[in-house]
Amino acid sequence: MFTKILIANRGEIACRVAATARRMGIQTVAVYSDADAGAKHVQACDEAVHVGGSAPKDSYLRWERILEAAKATGAEAVHPGYGFLSENEDFAKACAAAGLVFIGPPASAILAMGLKAESKRLMESAGVPLVPGYHGADQDPALLQREADRIGYPALIKASAGGGGKGMRVVEKPEDFAAALASCKREAINSFGSDAVLIEKYLQRPRHIEIQVFGDTQGNCVYLFERDCSVQRRHQKVLEEAPAPGMTESLRAQMGAAAVAAAKAVNYVGAGTVEFIVEQTAYDQPESMKFFFMEMNTRLQVEHPVTEAITGLDLVEWQLRVASGEPLPLAQDQIRIQGHAIEARICAENPDNNFLPATGTLQVYRKPQASSFERNTVRIDDGVREGDTISPFYDSMVAKLIVHGDTREQALARLDTALAQTHIVGLNTNVQFLRHVVRSPAFAKAQLDTALIQRESAVLFKQDPVGLEPAAAAVIADALQSEAAVQGADPFSRRDGWQSHGTTRRRFELEYDGQPVRAVLTYGSQLLLQVGEGAESALQFTPQGDGLWVQFNGQRIHSTVHAQGETRHVFTPQGAARISLLDPLAHAGEAAQEGGRLTAPMPGKVVSFAVKAGDNVKAGQPLAVMEAMKMEHTISAPKDGTVAELLYAPGDQVTEGAELLKLAA
Ligand code: ADP
């Protein structure tokens, strides 16, 4: 076994590989770019080498520099992770030339599987079923059109060198073919440097089911069952699970055998994934499922943890063992499926805007509790910490949430709970969207196909499942609790200066869904709250964990509120909501001007006066400072004049509407 490896990657996968290496007593070397100087993966490794600028081409793709780093630190092997150099056969060769072990398949296998068209020809000769299509070398547009006509519509044009869901065009009818071909070729040449394409029958509502394979240098090859990755947006995976719902033993054995045949056809070594597209006539008829080879990924996949969860194996450990020349740890009949696992990819993106990637700082990043009563029921793989930035240089995945349960239902429930406990503030994410998917009847009933998100869009893109009243109650309860924490008072008690005339009222100006909403809190024998035009009802709350149990209007909801300026992010088990708590004193000058009196626009404490009786003041000049809701607010002169009289002293508590000073014209 190696004593030191270099991890030629970043983010969660670099942290993931480092964790297994550490457990196995193998030292690790990280590489990092300018943007990643303080990144989590750098801390996760024993040593780190700076390899260049923030753009991948200046750092994580600079393989000469990475090989130098490996040499300089005495690493014996290089783990490429996924993406970046993981499927670059030149890099695999260069590692060998430099006397380093590339932790992955032989360069020849990467090359053979690298181009979709070539790999399909190879698979055809190995007897692996293919989607009806054309994958020839002749790229004459007229010939391609004839082939599409022969295959039938809708047809799919795919860039042979494509990946990551890019370079694909669905063509509905023959007259659209020429334009789609031209546009696909343009994207392909720009993204992949080659405009070769293949044509395939476009399957209606297919499933994406892939098989994890593993080979060793002794010629053994096994499959570690399947993953269903049908839930996709923009042809990219968002939820992955294992085993595939509805999979029969016989289909699993056939797909496993086909995947092993595919791997053996290229003398595969290490971890690989054979992706199949599966046609089905109905969701509840597994016997109608027909599978076709799509492509082979010659590396560890993002979604490998679901396979780990159901097999109890560590695939990175297997990679390290195989790369160091050991045989596969288990034979096919020793590998078993236990329970069900689902992975959700938490991404910085905007689901409401066609999943456009987002960037920003993780101002709040709270992760779910890993379950203590059972091992490994909730796993979080990430490469970021609270305060870190999701930059435009790398992909938008923030974390992977992997749950395991005895059954799919149990795993689903755990995933929903874990997503509810994932609080991210500071950038847009798909967390709420994922919860909608997980809770949708279609997903719950495993009516899986690659069009699920489109098909169910009516329920998936709906907004705030919490609602105004519970969200407002949570925000106000949180504000009262914070004030109490600062002032050491019981949040339910009427405070000094507030109770002189029986019940005291307090206004909160909120903004919800772009609309102003006023909430009125009444302090009496109990707290009464009215939100907007809603009914007045008792408000009660008690702290629990990092949030509060809030009881209002017949509902009792655990809520956690995170403030970002005036915006309050409310997280509840039902979902998250966003509501603004406007600072009524921010415009105190204007408010105070009403009626010509300088009044306190909300209850609070007088901190200081900036003027004394007899002073001449100019409009806008600060007159007094008040403190309310943990913040200080300055009250300014609404017009020029002379201070006639100060009506309170510093330290006095004042009620809303109390006149603070008299200003003479
Ligand atoms: P990439 O390498 O870009 O990920 P793939 O060939 O793996 O591209 O395809 C990505 C996704 O596109 C698949 O998971 C599936 O959803 C869809 N897809 C690919 N081929 C077909 C097809 N012939 N019919 C229908 N959908 C397809």
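Reading the values: rules and limits
Residues numbered from 1 in each chain as written. Predicted model: local features only at pLDDT ≥ 70, side-chain atom pairs only at ≥ 80, totals over all residues. Heavy atoms only, no water. Helix = DSSP H or I, 4+ residues; strand = E, 2+ residues; numbered from the N terminus. Buried < 20%, exposed > 50% of the residue type's maximum accessible area, 1.4 Å probe, protein only. Areas by Shrake-Rupley, 256 points an atom, 1.4 Å probe, with all protein chains shown as cover. 1 Å grid on protein atoms, 1.4 Å probe; cavity = no way out; pocket = protein on both sides within 12 Å on 5 of 7 lines; lining within 4 Å. Points joined across faces, edges and corners; volume = space filled by probe spheres on them. Nonpolar A, V, L, I, M, F, W, Y, C, P; charged D, E, K, R; others polar. Core = buried A, V, L, I, M, F, W, Y, C linked by side-chain atoms within 4.5 Å. Domains from an automatic or database assignment. Contact = heavy atoms within 4.5 Å. Phe/Tyr/Trp six-rings, centres within 6.5 Å; stacked < 30°, edge-to-face > 60°. Lys NZ or Arg CZ within 6 Å of the ring centre and 35° of its normal. Near = heavy atom within 4 Å. Polar contact = N/O pair within 3.5 Å; in protein donor to acceptor, adjacent residues only side chain to side chain. Buried area = accessible area lost by both parts, 1.4 Å probe. Salt bridge = Lys/Arg side-chain N within 4 Å of Asp/Glu carboxyl O. Axes fitted to C-alpha atoms, helices over the stretch in contact; angles between N-to-C directions. Parallel < 35°, antiparallel > 145°, perpendicular 65-115°, else oblique. Left-handed = near helix turned anticlockwise from the far one by under 90°.

A.B. asks: So what exactly am I meant to see when it comes to the overall build of the protein chain here?
C.D. replies: A count of helices and strands for the protein chain gives 18 helices and 39 strands. With the C-alpha coordinates of the protein chain rotated into their principal frame, the extents come out at 95 × 55 × 50 Å. Counting over 665 residues, the protein chain shows a buried share of 54%. As displayed, the protein chain has an accessible area near 27,200 Å², and 49% of this comes from carbon and sulfur atoms.

A.B. asks: Please clarify how empty space enclosed by the protein should be interpreted in this entry.
C.D. replies: Any empty space left between atoms is shown by rolling a water-sized probe over those atoms. Under the defined criterion, the tally for this structure stands at four cavities of 30 Å³ or more. By volume, the largest cavity amounts to about 60 Å³. Taken together, Pro 470, Ala 473, Ala 474, Val 550, Gln 551, Phe 552, Gln 555, Arg 556, Ile 557 and Ser 559 make up the full set of residues lining the largest cavity. With four residues, strand β29 (residues 555-564) is the single largest residue contributor to the lining of the largest cavity. Of the residues belonging to the lining of the largest cavity, the class tally is six nonpolar, three polar and one charged.

A.B. asks: How do you make sense of the nonpolar core when you look at a structure like this?
C.D. replies: As a rule of thumb, nonpolar side chains are buried together in soluble globular proteins. Grouped together as the largest cluster of nonpolar side chains are 60 residues, with contacts concentrated most on Ile 5, Phe 214, Met 255, Phe 276 and Phe 293. The element best represented in this core is helix α9 (residues 249-265), accounting for seven residues. Residue-level mapping places this core at the junction of two domains, with at least three residues from each of domain 1 (4-103) and domain 3 (206-458). Once residues lying within four places of it in the same chain are set aside, the contact partners of Phe 214 are Asn 220, Cys 221, Val 222, Leu 224, Gly 270, Ala 271, Leu 315, Trp 318, Gln 319, Val 322 and Leu 328.

A.B. asks: When you look at the packing of aromatic side chains in this model, what are you seeing that I'm missing?
C.D. replies: For any pair of aromatic rings, the description consists of the separation of the ring centres together with the inter-plane angle of the planes. Tallied over the entire structure, the rule returns 11 aromatic pairs. With centroids separated by 6.4 Å and ring planes inclined at 65°, the aromatic side chains of Trp 63 and Phe 91 adopt a geometry described as edge-to-face. In this pair, Trp 63 sits in helix α3 (residues 63-73) while Phe 91 sits in helix α4 (residues 89-97), placing the two residues 28 residues apart along the sequence. Judged by its relative accessible area of 24%, Trp 63 falls in the partly exposed class. Ring centres 6.0 Å apart and planes at 55° place the aromatic pair Phe 393 and Tyr 394 in the tilted group. Residue class for Tyr 394 comes out buried when judged on its relative accessible area of 10%. Across the ring face of Trp 549, the terminal group of Arg 556 is positioned such that the distance to the ring centre comes to 4.3 Å.

A.B. asks: Teacher, can you tell me more about the site of the ligand here?
C.D. replies: The full set close to the ligand counts 22 residues, and Lys 116, Gly 165, His 208, Gln 232 and Glu 295 are the nearest of them. At 2.6 Å, a side-chain N or O of Lys 116 approaches an oxygen atom of the ligand. Separating an oxygen atom of the ligand from a side-chain N or O atom of His 208 is a distance of 2.7 Å. Across the complex, the protein chains shield 95% of the 550 Å² of accessible surface that the ligand would expose by itself. Broken down by class, the residue content of the shell around the ligand amounts to seven nonpolar, eight polar and seven charged.

A.B. asks: Where do I start with the domain arrangement of the protein chain in this structure?
C.D. replies: Often, the extent of an interface is quoted as the loss of accessible area upon association of its parts. What the domain assignment reports for the protein chain is domain 1 (4-103), domain 2 (133-201), domain 3 (206-458), domain 4 (468-585) and domain 5 (597-664). The centre of domain 2, based on its C-alpha atoms, is set 28 Å off from the matching centre of domain 3. The partner domain 3 presents four residues to the four residues of domain 2 that form the contact. Together domain 2 and domain 3 conceal approximately 350 Å² of surface at their shared face, both sides included; 47% is due to carbon and sulfur atoms. When the buried surface of domain 2 facing domain 3 is broken down by residue, Gly 164, Gly 165 and Met 168 rank first, second and third, together holding 54% of it. Linking domain 2 with domain 3 are zero salt bridges, by the criterion used here. Counting every contact that joins domain 2 to domain 3 gives zero residue pairs in polar contact (both at pLDDT 80 or more). Its residues placed into classes, the side of domain 2 that touches domain 3 shows one nonpolar, two polar and one charged.

A.B. asks: What is the right way to read the packing of helix α1 (residues 11-23) against helix α11 (residues 315-323) from this model?
C.D. replies: Think of two packed helices as two axes; the pair is described by the angle between the axes and how far apart they sit. It is at 9 Å that the axes of α1 and α11 come closest, and there the two elements cross at 65°. One way to sum up the angle between α1 and α11 is to call them roughly perpendicular. Relative to α11, α1 is oriented so that their crossing is right-handed. Here Arg 16, Val 17, Thr 20 and Arg 23 of α1 come into contact with α11, specifically with Leu 315, Val 316, Glu 317 and Leu 320. In terms of residue class, the contact of α1 with α11 is built from four nonpolar, one polar and three charged.

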